[in-house]
Amino acid sequence: MMQSWWMQASDAGVSLEQREVPVPQAGAGQVLVRMHAAGLNRGELLAFRESGGKPGAAKAAGGEGAGEVVSVGAGVTTLSPGDRVMGRAAGAFAQYALMEANEAMPMPGELSWEQAAGIPLTFLVAFDMLVLKGQLQQGEWLLVNGVSSGVGVACVQLAKAIGAQVIGTSGSQAKLDRLKPLGLDVGLAVPHGGEFAQAVLAATDKKGANLAINTVGGTAFEEEMRALAFEGRLAMVGHVDGVLRAEIDLELLHRQRLTLFGVSNKLRSKAQRASGIPRFVAEVLPHFAAGRIVPLVDEVYSFAQLPAAKERMEADQHVGKLVLRIVGD
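Given the structure is predicted, the values throughout are model-derived calculations rather than measurements.

What counts, and at which threshold
- Residues numbered from 1 in each chain as written.
- Predicted model: local features only at pLDDT ≥ 70, side-chain atom pairs only at ≥ 80, totals over all residues.
- Heavy atoms only, no water.
- Helix = DSSP H or I, 4+ residues; strand = E, 2+ residues; numbered from the N terminus.
- Expected span 1.5 Å × (residues − 1).
- Buried < 20%, exposed > 50% of the residue type's maximum accessible area, 1.4 Å probe, protein only.
- Contact = heavy atoms within 4.5 Å.
- Pairing = 2+ DSSP bridges.
- Axes fitted to C-alpha atoms, helices over the stretch in contact; angles between N-to-C directions.
- Right-handed = clockwise from strand over helix to strand, strands pointing away.
- Polar contact = N/O pair within 3.5 Å; in protein donor to acceptor, adjacent residues only side chain to side chain.
- Patch = residues over 30% accessible without salt bridge, like charges linked within 9 Å, V, L, I, M, F, W, Y side chains within 5 Å.
- Areas by Shrake-Rupley, 256 points an atom, 1.4 Å probe, with all protein chains shown as cover.
- Salt bridge = Lys/Arg side-chain N within 4 Å of Asp/Glu carboxyl O.

*Asks:* Just to check I follow, could you spell out helix α4 (residues 150–162) for this structure?
*Replies:* An α-helix turns once per 3.6 residues; consequently, residues spaced three or four apart project the same way. Between its terminal C-alpha atoms α4 stretches 18 Å, which fits the 18 Å expected from 13 residues at 1.5 Å a residue. Of all 13 residues in α4, 10 are buried; the element is thus mostly enclosed. When we look at burial in α4, the residues that qualify are Gly150, Val151, Gly152, Val153, Ala154, Cys155, Val156, Gln157, Leu158 and Ala159. Residues of α4 that are buried make contact with α3 (120–133), β9 (141–145), β10 (165–170), α5 (173–179), β12 (209–214) and β16 (321–325).

*Asks:* Even after reading the chapter, I still don't get the sheet that holds strand β4 (residues 58–60), so can you show me in this structure?
*Replies:* Pairing between the strands of a sheet comes from backbone hydrogen bonds, and it takes one of two forms, parallel or antiparallel. Judged by pairing direction, the sheet is antiparallel, and its 3 strands sit side by side in the order β2-β1-β4 without closing on themselves. The sheet is open, and its two borders are formed by β2 (13–21) and β4, each paired with just one other strand. Across the sheet, the mean angle separating the axes of adjacent strands is 30° when strand polarity is ignored. Note: strand β1 (residues 2–10) against β4, 3 bridges, orientation antiparallel.

*Asks:* How do you make sense of the pairing of strand β11 (residues 186–189) when you look at a structure like this?
*Replies:* Regular strands place their side chains on alternate faces of the sheet. Of the two faces of β11, only one is covered, namely that formed by Val186 and Leu188; the face formed by Gly187 and Ala189 stays uncovered. Where β10 meets β11, 4 bridges bridge the pair, whose relative direction is parallel. Note on β11: the bridge partner recorded for Thr169 is Leu188. In this fold, the crossover linking β10 to β11 by way of α5 has right-handed handedness.

*Asks:* What should I look at first to understand the side chain of Glu114 in this one?
*Replies:* Locating Glu114 in the fold gives a position in helix α2 (residues 113–117). Residue classification places Glu114 among the buried positions, given a relative accessible area of 13%. Here Arg325 takes part through its side chain, which lies 2.9 Å from a polar atom of the side chain of Glu114. For Glu114, the contacting residues outside a window of four places in its chain are Ala37, Val297, Val300, Val323 and Arg325.

*Asks:* Honestly, unusual backbone geometry in this entry has me stumped. Any pointers?
*Replies:* The phi torsion of most residues other than glycine is negative, and most of the peptide bonds are trans. With a phi angle near 55°, Gln135 is a residue other than glycine that sits in the positive phi range. Along the polypeptide, Gln135 turns up in the loop between α3 and β9. Not every positive phi belongs to a glycine, and Lys206 is a case in point at roughly 70°. Checked against the element boundaries, Lys206 lands in the loop between α6 (197–203) and β12. Classification of Lys206 by relative accessible area gives exposed; the value is 75%.

*Asks:* How should I be thinking about a nonpolar patch on the surface in this particular structure?
*Replies:* A cluster of nonpolar side chains, namely Ile248, Leu250 and Leu260, defines an oily patch on the protein surface of about 270 Å² accessible area. Locating Ile248 in the fold gives a position in the loop between β13 (228–236) and α8 (250–255).

What follows is the structure in structure tokens.
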């Protein structure tokens, strides 16, 4: 048996409860991992609510982490017990969790368990938006709304590794100041629902952002459209504001030859979810190993403190990742 955290739906929202459950067994193409640390993600709570989590519904919590391979399932030849890995893992807030072998990435030895635990979801999403779909190039401008989030910070760090210039918006000047050492070129303190397009145009010599990342939702959408450059791209990755509808200026979309895209994995097959990982391992992991990208961990909580970590996340008090330490070295 093992200890595991579960999300419980109620009329008041999503609560957490600790349960004792059987240790899972690795199936074909999977590995069982003894979890050392796991990262928190606001999107997990949103997805649980949106998937029809009615009062009484429950789901194992956690979506990413780092740990040591304990056993491998049938057909797994690339990993062995004792390997240190990081990756997406359903039910990661537990002493043991399963990873798909083709998603389990080698953990750079230069990183701590806590640093590695916050990489898989945020940096894979950032890589999808900036590289695989966004085609961000050296010298281009990236705009990140809600830049202090885990995904936002990952976008800043990855963009700087690519050689792009970054503009970020946040409601807190203090959060923007914390991101300057990571390479944030222009920080715009913008209140919720505030305007920022003109400031983006001014910072880019009236050209606009080549790629914009929306981690906020509908309240930022129209301003982002106005802030884009000719042939600009806009990625939708979050809606923490709860606003799921926004008007589209079709004339602007047509005239500027804009591209809008989403990056959800909800409807993708296992093979599709894993398709970008070989490139991520080849192109991004060397930056971690060389210290060119250092994961920004805001705070580490003990296993028993997950409710407190969730409360801090929902209060939007952090910059970067909140991480749960499950077992030590």
